[in-house]
Amino acid sequence: MSTFSDDELSQKSSTASEDSFAPANDKIFFHEYREAFSRFEMFSSFVRGDLSDNQVDFLAAEGRDYFLTHGMIYKNKSGILEHRPFTVLPTPIPRRLFTAAREVQKDFNLLVHKASKDFQFTKDALLSTITADVFTARIFAIYEKTQEQGIGQPISLGIFRSDYMIEQTSGSHKEEEEEEEENLNLCIKQVELNTISISAITSSCRASSLHRTAHTLIKYGDAPKSDHRIAFAVIMFIVRPDEVNVYVQRILEYSIRDKDGLEVAVAYFRAGYTPVDYPSEDEWSARLTIELSRCVKCPTVAYQLMGTKKMQQVFAEPGVLERFLPNREAVDRVRATFTGLYTLDPESIKPAEIISELGIFGIFLSRGDEIEVNKDGGFLLRSRPWDKLEVISLHGEGAYSSPYLVD
């Protein structure tokens, strides 16, 4: 594909904008990126002065069309279709941190599985939460009934996602000849472990494809591929009646629509993780019926309980990882990602700062105590302005991006 001059880029971006039905929110963060990256010498040459405003406008228009034609859309709160927000450039991520996040995912998969099989441990760990929170207590009651009545299906399927932010820790002064990445003392710290209704698993790779396409026009680097396509048999989708994230789910639905079966093989939960999903006893009864049935649950209630904030706290306690993980190396990899829960002080963050959150998908399949599959299954990278305390790409608060791996 040929490249274009600034005048041609301007003309093409204007034409593309006229045909779009979505708000012009796709250029978000570029100027903030350029200013934020300029503070990091190892990133600054990547973006400093490389793109003109016309080039940015062109990439924004191209990206909008790319997302619209690749299903990267959602219904906003007013029911109007919009494309998902995105960054016009990939996000620089140290390669060693990206690799570390992928490697530790298998440890987290195993930790969730092993801990979920230990009923007494789970009961003790969640005792205070069950007492204080009615919703968790009801989920735990179903988990308890499966222990009393027996599990109808020994196969467990988990699709997880562990989210990280990159932390810069203070350290002693390094010699000038050492790598600047080491000077920054960068490490990944886990923000959240998700075990139910994992969003964006069918769409996270789109940003990489978008940036790879843009690379053919404006050369600035490469991005890793994300491959986490999973083939299911007959699946029952459990969704909300007012779901706005319709199209990501329908991609999965269409991929299995032509498959025939006499019974449900998999119950895939895209709902069921908040109290609003259980407005009456009928929903709780249905959840129990599914849990006691022969179909494979994704996730089981046991896996769902492992994703609570309380379990995240318990996993960090002394001796817990050693109880469930097979060796010291696995324990060290997981523990290195733990951090305390702190409130961000807006006064300490510069307004131009961009904060990115890297999610690594995990795929786990077991038959009783036998592990059939344990692997990482792709990534999700989202970026947001400094003043947004959470990354919510679904509703437009954050933007899809892709990693630009830096050695």
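Residues numbered from 1 in each chain as written. Predicted model: local features only at pLDDT ≥ 70, side-chain atom pairs only at ≥ 80, totals over all residues. Heavy atoms only, no water.

### Section: the nonpolar core
Defined as follows: Only buried residues count toward a nonpolar core. Its members are Ala, Val, Leu, Ile, Met, Phe, Trp, Tyr and Cys residues joined through side-chain atoms within 4.5 Å. We call a residue buried when its accessible area falls under 20% of the maximum for its residue type, exposed when it is over 50%, and partly exposed in between, using a 1.4 Å probe and counting protein chains only. Helix and strand assignments follow DSSP, with helices taken as H or I runs no shorter than four residues and strands as E runs no shorter than two, numbered in order from the N terminus. Note on contacts: a residue pair qualifies if any of its non-hydrogen atoms lie within 4.5 Å across the two residues.
With 49 residues, the main nonpolar core has Phe108, Phe121, Phe315 and Leu325 as its most contacted residues. For this core, the leading source of residues is helix H5 (residues 95–116), giving nine residues. The residues touching Phe108, leaving out its near neighbours within four places in the chain, are Ser162, Tyr164, Gln190, Leu193, Val334, Thr337 and Phe338. By size, the runner-up hydrophobic cluster in this structure holds 27 residues, among which are Phe67, Ile159, Ala200 and Ala214.

### Some words on the UniProt feature "binding site: ATP" (unreviewed entry) in the chain
Inclusion rule: UniProt positions are given in the numbering used here, feature names are shortened, and annotations may be inferred rather than shown by experiment.
This chain's UniProt record puts "binding site: ATP" (unreviewed entry) on Glu192 and Lys309. These annotated residues cover 118 residues of sequence, and their C-alpha atoms lie no more than 7.9 Å from one another, placing them together at a single site. Here Glu192 falls in the partly exposed class, since its relative accessible area comes to 29%. Residues within four places of Glu192 in sequence aside, it is in contact with Arg161, Ser162, Asp163, Lys309 and Gln312. Mapped onto the elements of the fold, Lys309 is located in helix H14 (residues 309–315). A residue is classified by how much of its surface remains accessible, and Lys309, at 46% relative accessible area, is partly exposed. Beyond its immediate sequence surroundings of up to four residues, Lys309 is in contact with Val191 and Glu192.

### Here we look at the environment of Gly150
Checked against the element boundaries, Gly150 lands in the loop between helix H8 (134–149) and strand S4 (155–168). Look at Gly150 and you get partly exposed, because its relative accessible area is 32%. If near-sequence neighbours (up to four positions away) are discounted, Gly150 is found in contact with Lys145 and Leu292.

### With respect to H8
What counts here: Under the convention used throughout, the expected extent of a helix is 1.5 Å for every residue step, that is, one less than its residue count. The directions considered for the arc run from the helix axis to the C-beta atoms.
For H8, with 16 residues, the first-to-last C-alpha span of 22 Å sits near the 22 Å given by 1.5 Å per residue. Among all positions of H8, only Phe135, Thr136, Ile139, Phe140, Ile142, Tyr143 and Thr146 are buried. Across the axial projection of H8, the buried residues extend over an arc of 150°, all falling on one side. Looking at H8, the residues exposed on the side facing more than 90 degrees away from the buried face are Val134, Glu148 and Gln149. Against the buried residues of H8 lie H5, helix H6 (119–125), helix H7 (127–132), helix H12 (281–292) and helix H13 (301–306). In the stretch just after H8, Gly150 is the one whose phi turns positive, near 95°.

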